[in-house]
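Here is what each chain is made of, one letter per residue.
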Amino acid sequence: ISKDTEVVVIGGGGAGLAAAVSAAENGAKVILIEKSPSLGGNTLRSGGEFNSYDPVRQPNVEMTKALTHELEEILAFDEQEFGDYADTLRTLKGQVEEYFKSGDTSKLFDSPELHAIHTYIGGKRTDLEGKEISGKFELVDTLTSNSYSTIEWLESHGVKFQDGIGTVLGALWPRTHHNVEPLGMGYINNMEKRATDLGAEIMLNTKATRLIVENGRVTGVTAEQSDGTPVTLMASKGVVMATGGFGANTEMVLEYNNYWPELDANILTTNTTNATGDGIVMGKEVGASLWGMGFIQLMPSGQPGTGALSGGVWGSAETQIFVNKEGKRYVNEYAERDVLAAAALEQTDQTFFIISDNTSLGNPDLNGKTGWGDNYQDLIKNKNIFVADTLEDLAEQMGVPVDTFVAEMKKYNTYVDNQFDPEFGKKNFGDKLETAPFFATPRTPSVHHTMGGLEINEKAQVLNTEGSPIEGLFAAGEVAGGVHAGNRLGGNAITDIFTFGRIAGASAAGN
Ligand code: ADP
């Protein structure tokens, strides 16, 4: 098969579909190829959580005492320690001062600048060799200042967000949006529809194998279909790489890992088997700079035995309590994911339980399904979750010391009353956990996201090792590097794939 088009998109997850839609909206003729038999990638199996400042939904969220204290601390941050972000911090301090001066501090404060500073603080890390990394400022700025317009763009294409705002694990602030549809379905179905309505051609079972370069410019792609049919696609305007990460390629994870001394070949993953890093290999072959490859994100809360994201129940990070097999809390549940994963790896059997109650789960119907689409009754039967009317019974089912666990839960509720956690410094609290039935979900860390990838600039152009754009080559989503540095905030990946996917499509179409 040989075809000529203007823009070729490689990969049919969220980033690829957003790029295809946006390239077509910008007038380009588009072909998207996807190696698996269906669209969706990891985006489809994610929780779909989207972080953004939101002038419509956030004014309905109450400010807590703990978050107010966080804002006060920001006023004391030293700009000199914020490098490229110093101006953003200065602007943010001005906003916070205004907020305190306004006299109405009952409603949640947020801004793109606060999101940028959280992304910076949450991503600044040092690798095992002592090299420090933080998110490239211009990329983070692009992410947080375009996140809300990306929500509006998605809504205009039929994606529906819930009214409520929460904090997905490791998001650091209540700015997480949830889809109305489960998992990433709302995104994938609506984006696919929009892409095909605009005339984009989608070729499934078609795996890109190599980029075609002519006179220093990427002009097309060679691919192979699952029945062996060779494919050549020429792209007169550009190629968008949107192949996702390499979390399911354990060999590659171990080859590049420069953050986790504990990782070995037994590590599980939340990813689909298709997340094998193909785009990184293809990009490297044409001279792309690889950025931050050593930073691998472990999802602290994977399912024991499978690594899966689903198969459990929990509320927003404010209401989650983690206890170990000794029945004790051991970490600030509102911390970044790498902090949570590192702490989990130190617990007995590298396993812990997420404790929830009826209120924090939103009074669920135990004959119905969880937000992940699992049947409650199946989860109970398979001991994926434990449910009990008393904390004592819950502890028995979990196999943890009853008295210790019950005392620990009581103590936590006093921390909620005081809005202060003297043991682990939890930064934000929801309701107390005191309403039966109580729930426990066993969890263990598994490979979730690979922060590193093809280095891009704010137009989503892929850079070569000299820092100049490679003509005709764009990248977006998990395959790209530069946004998330050493630790990606929970809920920032979906924001990233749609924001940069949209930019990549427009750039490739010539805008
Ligand atoms: P992102 O969140 O960055 O969009 P996803 O994991 O959701 O990443 O989607 C990436 C998609 O790219 C997956 O559906 C995967 O099957 C596809 N893919 C990966 N490698 C190739 C390849 N070589 N050719 C075509 N599609 C690919």
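Predicted, not measured: the structure shown is a model, and the values here were computed from it. (Residues numbered from 1 in each chain as written. Predicted model: local features only at pLDDT ≥ 70, side-chain atom pairs only at ≥ 80, totals over all residues. Heavy atoms only, no water.)

Chemist: Teacher, can you tell me more about the packing of helix α1 (residues 14–25) against helix α7 (residues 185–197) here?
Modeler: To characterise two packed helices, one gives the angle between the axes of the helices and the distance between these axes. Orientation of α1 relative to α7, taken along the N-to-C sense of each, is 30°, at an axis distance of 9 Å. Compared by their axis directions, α1 and α7 come out roughly parallel. Crossing handedness for the pair α1 and α7: left-handed. Across from G14, L17, A18, V21 and E25 in α1, the residues of α7 making contact are I188, M191, E192, R194 and A195. A breakdown of the residues in the contact of α1 with α7 according to their chemical character gives six nonpolar, one polar and three charged. (Axes fitted to C-alpha atoms, helices over the stretch in contact; angles between N-to-C directions. Helix = DSSP H or I, 4+ residues; strand = E, 2+ residues; numbered from the N terminus. Parallel < 35°, antiparallel > 145°, perpendicular 65-115°, else oblique. Left-handed = near helix turned anticlockwise from the far one by under 90°. Contact = heavy atoms within 4.5 Å. Nonpolar A, V, L, I, M, F, W, Y, C, P; charged D, E, K, R; others polar.)

Chemist: What exactly am I supposed to notice about the sheet that holds strand β7 (residues 176–179) here?
Modeler: Backbone-to-backbone hydrogen bonds join strands into a sheet, with any given pair of strands oriented parallel or antiparallel. The strand order across the open sheet formed by three strands is β3-β7-β6, and the pairing between neighbours is antiparallel. The sheet is open, and its two edges are formed by β3 (50–51) and β6 (161–166), each paired on a single side. As paired strands, β3 and β7 are joined by two bridges and run antiparallel to one another. Bridge pairing in β7 places F50 opposite H177. (Pairing = 2+ DSSP bridges.)

Chemist: Which parts of the structure should I look at to understand the sheet that holds strand β18 (residues 453–455)?
Modeler: Across the sheet, which stays open at both edges, the three strands sit in the order β12-β18-β21 with mixed pairing between neighbours. The open sheet terminates on both sides in strands that have one partner only, identified here as β12 (290–291) and β21 (480–481). Against the sheet, helix α9 (residues 278–285) touches β12 and β18, its axis set at about 40° to β18.

Shape descriptors only; they carry no functional weight alone.
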